[in-house]
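Single-letter residue listing:
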Amino acid sequence: MRAHRLFAIVAFMLLGIQAVSAQYVMGIGNAAQSGLTTFDFDVYIASSSGTATLTSYQACFTYNSAVAGGGTISFSYLNGAPAGLTPAVTSALMDGVVPNLLTGSNAGTLTISTTPTLLGRFRMTNTVNFANAPFTVAWDFAGTFVTKVNLSNVNVTNAANHVNAMSPYQIILQNDARVGNNYEFDAVIQRDPILATDFTMTAYQISFTYNGAAANGGTLTFSYLAGTTTLTSCQPVATGVGIVNDGGTSNFVWGSNAGSQLVSAPQLKIGRFRVANTVPFSAVALNIAWDFAGSIASSVTLNNANLTVPANHLNLLADPPLPVELVSFTGRNARNIVELTWKTATENSNMGFDIERRAGQADWAKIGFVKGHGTSNLPATYTYPDKDPIAGTVHYRLKQIDASGNFMYHDAIDVVVAPPSAFALMQNSPNPFNPTTMIRYQVPTSSYVRITVYDLLGKEIASLVDEQQQPGIYTAVWNGRDARGSGVSSGVYMYRLSAGAYSEIRKMNLMK
C-alpha cells in the first residue's frame with residue numbers, strides 16, 4: 001500500500017518563528033495504515049532560522065491503546081534516517097499506565113536547515129489486525145520517558161515546537177437553515193489552516209446526536225441531498241444510513257464510499273444534509289452535535305488509517321430558532337366568506353405569511369399574503385378573509401417567510417363551505433372604476449362557466465372566464481386598459497355570466 005506524502009513544510013515554516021533559543025521545529029506526519037497489522041509515520045526536524053547542529057534526540061509518543069484490539073504493539077524504525085544520526089533505540093513500552101512509543105538516537109552530528117529533514121519512518125506492528133479506532137499518535141513530554149532535543153549538546157526541548165500533521169484536516173458543520181418542515185446544513189472538509197498540508201481522504205463517517213424533543217411528536221428522517229457534494233471521490237453513499245439507535249441514543253449517521261480524495265485548498269463540500277419532520281419542529285433547538293462514542297461514531301480515514309481527532313470536527317451551526325411561535329390558527333364560514341384568524345406569541349425577522357388553500361386532490365395554491373411584525377416579543381393577531389371560497393371541505397395553511405426568504409409551513413386546518421344555493425352575478429366593485437374592477441359570482445353546481453364583457457352595441461370586448469368550474473364563489477378581474485391589447489374608452493359596458501341555461505347581465509361604468 002502506497003502512502004500519500006503529507007509533507008509539513010508550510011507548517012514548519014509557520015511555526016519557525018518560535019524563540020531563537022529553541023532553534024528548531026519537529027513534526028510527525030505522512031501517517032498511513034500500510035497493512036492490516038502495520039501503521040507507519042514519519043518524523044521530521046527543521047531549524048527555525050538559518051542552520052543548527054542536532055547532536056541527539058529522543059522522541060516519545062502516546063497513542064490510542066484501543067487500536068491494539070487485544071493484540072500486542074511493537075515499534076520499529078524502517079528507513080530514511082540521515083547517515084549522521086540514525087535511530088539507536090525503538091520500543092513500545094508502558095510509562096506508568098500510559099502506552100508509549102519510544103525512539104532515540106546515538107550522539108552524533110547533523111546539520112539541519114529550514115527545509116525539513118527526515119529523521120526516519122517508523123512502524124507500529126500489531127500481533128492481530130488493528131481495531132477500527134483512531135490511532136491518535138501524539139508527542140509526549142510527561143513521565144519517565146519524554147521527548148528531548150539536543151542542539152550542540154544543549155537540551156532545547158520546547159513542546160510548542162513539536163507539531164502533529166498526522167490529522168491535518170478540519171470538518172465543519174455550517175450554513176444551517178429551516179426550510180418548511182426541514183432543517184438543513186452543510187458539512188465541509190478543509191486543510192487545517194495552521195498545518196496547511198494537503199492530504200488524501202479515503203473514507204469518512206459522520207454521526208450526530210440531537211435533541212429528540214424538537215421533533216414535536218413527528219417522525220424525523222435524515223438524508224443527504226443528492227448532487228450537493230463537490231467531492232470527486234469519497235462521495236456520500238446513495239442511501240446512507242439515516243437514523244439509528246446506538247445503545248439507547250438516537251443518532252443521525254451517514255458515510256462515504258471508499259475512494260481517494262485529495263484535499264488541498266479551497267474548502268470542499270462533503271454535501272448538504274437534511275433533517276425532515278412530518279410535522280413542524282417545536283420551538284426548542286435541534287442541538288445537532290458531533291458524536292464520537294458508542295459503536296457508531298464519527299471517523300475520518302486518511303491514507304486508509306483512522307486518524308480521527310474530535311477537536312478537528314467543528315460545529316458552526318447557528319441552530320436558528322423557529323421564526324414564529326404560532327399559538328392558534330382557526331377558520332369559519334360566515335356569509336359566504338371564510339374568515340381565517342391566527343395568533344402568534346413571538347416573532348423573529350418575520351416578513352409575513354402566505355395563505356395557501358387546497359380543495360380535494362388539487363395542489364396547494366397561494367390566495368393571499370399578510371405582512372408580519374418583524375421581530376416582536378408581544379402577542380399578535382392576524383386575519384385574512386377568503387372572499388372566494390370553494391364549496392366543500394377546504395384546507396388552509398400558513399407559509400411563514402422570514403426576512404432572508406427562508407420559510408416554513410404550519411399545520412393546515414379544514415373549513416367546511418356549503419355550496420351556493422343558486423347561480424348569481426354580483427355588481428362589480430368598485431363601480432365606477434379606473435381601470436380595474438372585480439366581478440364576483442357564484443356557481444351552485446359543477447358547470448361550464450363564461451364571463452364576457454360587451455359594449456353597448458353588443459360587441460364582445462373581453463372574455464374573463466371560459467372553463468369548467470366546481471361549486472363555489474369566484475372573482476373575475478377586468479382591466480379596461482388590457483382589452484384587446486389597446487384598452488377601451490370611458491363608458492358603460494355590459495358583463496354577462498353564462499352557465500348552461502343560466503344567463504345574467506349587469507352594467508358597469510369605466511371612467512378614465
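Criteria and thresholds
- Residues numbered from 1 in each chain as written.
- Predicted model: local features only at pLDDT ≥ 70, side-chain atom pairs only at ≥ 80, totals over all residues.
- Heavy atoms only, no water.
- Helix = DSSP H or I, 4+ residues; strand = E, 2+ residues; numbered from the N terminus.
- Buried < 20%, exposed > 50% of the residue type's maximum accessible area, 1.4 Å probe, protein only.
- Areas by Shrake-Rupley, 256 points an atom, 1.4 Å probe, with all protein chains shown as cover.
- Lys, Arg positive; Asp, Glu negative; His and termini not counted.
- Charge placed at Lys NZ, Arg CZ, Asp CG, Glu CD.
- Contact = heavy atoms within 4.5 Å.
- Polar contact = N/O pair within 3.5 Å; in protein donor to acceptor, adjacent residues only side chain to side chain.
- Pairing = 2+ DSSP bridges.
- Axes fitted to C-alpha atoms, helices over the stretch in contact; angles between N-to-C directions.
- Salt bridge = Lys/Arg side-chain N within 4 Å of Asp/Glu carboxyl O.
- Phe/Tyr/Trp six-rings, centres within 6.5 Å; stacked < 30°, edge-to-face > 60°.
- Lys NZ or Arg CZ within 6 Å of the ring centre and 35° of its normal.

K.L.:
I would appreciate a short explanation of the overall build of the chain in the present structure.
P.N.:
Counting its regular elements, the chain contains one helix and 38 strands. Principal-axis analysis of the C-alpha atoms places the extent of the chain at approximately 115 × 50 × 45 Å. The buried share of the chain, reckoned over its 512 residues, is 50%. Taken as a whole, the chain presents about 22,500 Å² of accessible surface, with 52% of it coming from carbon and sulfur. For the chain, the centre of its 29 positive side-chain charges and the centre of its 29 negative side-chain charges are spaced 9 Å apart.

K.L.:
Even after reading the chapter, I still don't get the environment of aspartate 414, so can you show me in this structure?
P.N.:
Note on placement: aspartate 414 falls in strand β31 (residues 413-417). Its relative accessible area of 52% is what places aspartate 414 among the exposed residues. C-alpha separation for the pair aspartate 414 and glycine 392, spaced 22 residues apart in sequence, amounts to 9.9 Å. Ignoring anything within four residues of it in the chain, the contact list for aspartate 414 reads Thr393, Val394 and His395. Engagement of the side chain of aspartate 414 in a polar contact is seen with the side chain of histidine 395, the distance being 2.4 Å.

K.L.:
How do you make sense of the sheet that holds strand β13 (residues 169-179) when you look at a structure like this?
P.N.:
Two modes of strand pairing occur in sheets, parallel and antiparallel, and in both the strands are linked by backbone hydrogen bonds. Pairing in this open sheet of five strands is mixed, and the strands run β16-β20-β14-β13-β24 from one edge to the other. In this open sheet, the two edge strands, each paired with only one partner strand, are β16 (220-224) and β24 (313-315). Taken pair by pair, the neighbouring strands of this sheet meet at an average axis angle of 20°, ignoring direction. As judged from the nine bridges shared by β13 and strand β14 (residues 182-191), these two strands associate in the antiparallel manner. Bridging across to β14, isoleucine 172 finds its partner in valine 188.

K.L.:
Got a minute to help me understand the pattern of salt bridges in this structure?
P.N.:
As a working rule, side chains carrying opposite charge can pair if their charged atoms are close by. Counted under the stated rule, the structure contains 15 salt bridges. Of the charged contacts, one joins aspartate 186 and arginine 272 as a salt bridge, the two residues approaching to 2.9 Å between their closest N and O atoms. Linking aspartate 186 in strand β14 with arginine 272 in strand β20 (residues 268-277), this pair joins segments that are 86 residues apart in sequence. Salt bridges linked by common partners bring Glu184, Asp186, Lys269, Arg272 and Arg274 together as one network.

K.L.:
Help me understand the packing of aromatic side chains in this model?
P.N.:
Given two aromatic rings, one states the distance between the centres and the angle between the planes to describe the pair. All told, the structure shown has 30 aromatic pairs when counted by the stated rule. Centroid distance phenylalanine 353 to tyrosine 382: 5.1 Å. Interplanar angle 65°. Geometry classified as edge-to-face. Residue phenylalanine 353 is found in strand β26 (residues 337-359), and its partner tyrosine 382 is found in strand β28 (residues 380-386); the two are separated by 29 residues along the sequence. Residue class for phenylalanine 353 comes out buried when judged on its relative accessible area of 0%. In this structure an aromatic cluster arises from ring pairing among Tyr183, Phe185, Phe208, Tyr210, Phe222, Tyr224, Phe252, Trp254, Phe273, Trp290 and Phe292. Residue placement shows arginine 397 over the ring face of tyrosine 409; its charged tip is 3.7 Å from the ring centre.

K.L.:
Please explain the pairing of strand β25 (residues 324-334) as it appears in this structure.
P.N.:
On any regular strand, side chains alternate: one points to one face of the sheet, the next to the other face. Strand direction decides the pairing type here: β25 and β26, joined by ten bridges, are antiparallel. From the neighbouring strand, valine 324 faces β26, where its bridge partner is glutamate 347. Where β25 folds back onto β26 in an antiparallel hairpin, the turn is made up of two residues, including arginine 335, whose phi is positive at roughly 55°.

K.L.:
When you look at the sheet that holds strand β38 (residues 502-510) in this model, what are you seeing that I'm missing?
P.N.:
Judged by pairing direction, the sheet is antiparallel, and its four strands sit side by side in the order β35-β34-β37-β38 without closing on themselves. Two strands close off the open sheet at either side, each with one partner strand: β35 (460-469) and β38. Mean inter-strand twist for the sheet, computed between neighbouring axes without regard to direction, equals 15°. Relative to β35, strand β34 (residues 447-454) runs antiparallel, the two sharing eight bridges. Note on β35: the bridge partner recorded for tyrosine 454 is glutamate 460.

K.L.:
Explain the environment of threonine 127 to me, please; I cannot follow it from the model alone.
P.N.:
Following the sequence through the fold, threonine 127 ends up in the loop between β8 (117-126) and β9 (138-139). The class of threonine 127 is exposed, set by a relative accessible area of 58%. Here threonine 72 takes part through its backbone nitrogen, which lies 2.8 Å from a polar atom of the side chain of threonine 127.

K.L.:
Just checking my understanding: could you explain the pairing of strand β10 (residues 148-151) for this structure?
P.N.:
In this structure, strand β3 (residues 52-62) lies alongside β10, joined through four bridges in antiparallel fashion. Opposite serine 56, over in β10, you have asparagine 150 as the bridge partner. Direction of pairing for β10 relative to strand β11 (residues 154-155): antiparallel, over a ladder of two bridges. Residue pairing across strands places leucine 151 opposite valine 154, the latter belonging to β11.

K.L.:
Whenever I open this one, the side chain of serine 167 confuses me. Can you help?
P.N.:
Mapped onto the fold, serine 167 is located in the loop between β12 (162-164) and β13. With sequence-adjacent residues up to four places away left out, serine 167 is seen in contact with Leu302, Leu307, Val309 and Asn312.

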